[in-house]
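Fold and geometry: a report
Here is what each chain is made of, one letter per residue.
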Amino acid sequence: MKTTQRRQFLKQSGLLSAAAVLPALQGKRLLPQTHKQHIPAILGGKSHVKIDNWIKWPIWDSENDEKLLLEVMRSGVWSRAQVVNQFEKAWADTIGTKRCMTVVNGTQALTVAINQAKLGPGDEILVTPYTFIASIQAILANSCIPIFVDVDPETFQMDTKKIEARISRRTKAILPVHILGLPCDMVQVMEIAKKHQLIVIEDACQAPLAEINHQKVGSFGLAGCFSFQNSKNIAIGEGGAIISNDEGFMDRCYSYHNLGLPFGIATGSISSGSFMRGTKVRFTEYQAAIGLAQLTRLESQTQVRNERAAYLSSMLKNIPGVVPYRLYPEVTRAAFHLYPFRYQANEFKGLSRSNFLKALQAEGVPCSGGYTALNTQVFLQEAFESTAFKKLYSRSELNYSTYLMENQCPLNNQLCEEAIWFTQNLLLGSKEDMELIFQSIQKIHREAESIKKKLQP
Ligand SMILES: *Cc1c(COP(=O)(O)O)cnc(C)c1O
């Protein structure tokens, strides 16, 4: 193995950390008190973490991953066939559902699932405003109207206590999103859905292998949707999947993703004719070959992410102004596509979040502020003013200012201003790496006043 690969392997397997783990922290200053290290990097001190410290994403292991991929390439069978079937079976078995069907990406997984759940014009779908834009675009693509349910800032998820107040006679479905890879409160979602006879389609794009009461998320509702985009925990570049236990629904999804041809008809065959409307969003054999390679690592990576996240939280919660995520009590495992905490500037001498982010990045810890509020973005108004929507909805239904007012989410607005994220690859590092993150933030906390003076004169 090359040195970098070897380092990656050691880090992944947790071996690198064994020798290097520091003794219990006990609130002690871990840094040697040399002058240079005391000064924040943003003020000209030495950065705390080496720039190449973090595991690069996606991970690709040439030695073990390329055999199947090369076989596929050399076979010339590139359109969906046996390897895609194999991947779908593997993913359905992993989640514990009867069926899985792949598509070109997570956005299309959601779009197809909503479509084949027979949701369409006139229907309202309840959704969190704290999500990736694709969740909302998939709703609009089916000419449905997204209704926003404000978040619980502690968990970063849709606040299920606020769902029922948002239900109208047009509400047909809930689209819970397990955002950041932290499970949404599906126990409550399913109870409310049952009571009001609503369809549930889970956006589990960020949450493969996350669990509630040992049941994998994505398998609670009618359907669960996953993404295999490059940044996601199963990285294929692009790709997505729908899982479900409803055979009829999955047969329809299959037909829809294959030009309306009956389920079971081999791709490329058109002899029997289409029996329903459809589109063409099929996965390819080489995507499936990459996916099967990624699946071999997912379980151990998920375990490491969970361990590192818990360790990081146990340290970060001791820094005033750093509030790590909270998981619902029924959560038996998270996926940690991202590691989030809330930043409270008042505990950092008023140092703004954007300047905190700059300071932390300067220390060598990659971080971001995450999502901006979705429910006020221009694309919603564009939908409401489109000719298509005008043909499908009445004037009063398309009153955008009323919609805006009714869909205010003040807690989400605040969350979008307080959140700080680490991407999942940081959590694949060693325990020592988590200590480096903690120490970097501790250093900024200690020197917040001088950083603020310099950056916010
Ligand atoms: C990534 C993502 C999607 C869309 O998946 P793509 O594969 O990028 O199309 C949908 N919802 C959420 C929450 C996501 O993170």
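Heads up: the structure comes first, above all this text.
Nothing here was measured: the structure is a model prediction, and the numbers come from that model. (Residues numbered from 1 in each chain as written. Predicted model: local features only at pLDDT ≥ 70, side-chain atom pairs only at ≥ 80, totals over all residues. Heavy atoms only, no water.)

1. Things to note about the packing of aromatic side chains
Inclusion rule: Two rings from Phe, Tyr or Trp (for Trp, the six-membered ring) form a pair when their centres sit within 6.5 Å of each other. Planes less than 30 degrees apart are called stacked, planes more than 60 degrees apart edge-to-face, and all others tilted. Only runs of H or I of at least four residues qualify as helices and only runs of E of at least two qualify as strands under DSSP, and these elements are numbered from the N terminus. Three exposure classes are used, based on accessible area relative to the maximum for each residue type with a 1.4 Å probe and protein chains only: buried under 20%, partly exposed in between, and exposed over 50%. Note on geometry: a ring has a charge over it if NZ (lysine) or CZ (arginine) is within 6 Å of the ring centre and within 35 degrees of the ring normal.
Under the defined criterion, the tally for this structure stands at 22 aromatic pairs. Ring centres of Tyr-325 and Phe-336 lie 5.3 Å apart, and the angle between their planes is 65 degrees; this geometry places the pair in the edge-to-face category. Residue Tyr-325 is located in the loop between strand 12 (322-324) and strand 13 (331-333), and its partner Phe-336 is located in the loop between strand 13 and strand 14 (338-343); the two are separated by eleven residues in the primary sequence. Exposure remark for Tyr-325: the relative accessible area of 12% places this residue in the buried category. Given the relative accessible area of 2%, Phe-336 is considered buried. Ring centres 4.7 Å apart and planes at 50 degrees place the aromatic pair Tyr-343 and Phe-348 in the tilted group. Sitting above the plane of the Phe-263 ring, Arg-99 keeps its charged end 4.6 Å from the centroid.

2. Some words on the pairing of strand 2 (residues 124-127)
Rules: Pairing between strands is defined by DSSP: at least two bridges between the two strands are required. Clockwise travel from the first strand over the helix to the second, with the strands pointing away from the viewer, marks a crossover as right-handed.
Every second residue of strand 2 is oriented toward a common face, with Glu-124 and Leu-126 on one face and Ile-125 and Val-127 on the other, all of them buried. Sheet analysis places strand 2 next to strand 3 (residues 145-148), joined by four bridges and oriented parallel. Counterpart to Leu-126 in the pairing with strand 3 is Ile-147. Handedness of the crossover joining strand 2 and strand 3 through helix 7 (residues 133-141) is recorded here as right-handed.

3. Here we look at the side chain of Gln-287
Filter applied, for reference: The contact rule is simple, with two residues in contact once any of their heavy atoms fall within 4.5 Å.
With respect to the helices and strands, Gln-287 occurs in helix 10 (residues 285-316). By relative accessible area, which is 12% here, Gln-287 ends up buried. Other than its neighbours up to four places away in sequence, Gln-287 contacts Val-104, Ile-236, Glu-238 and Gly-239.

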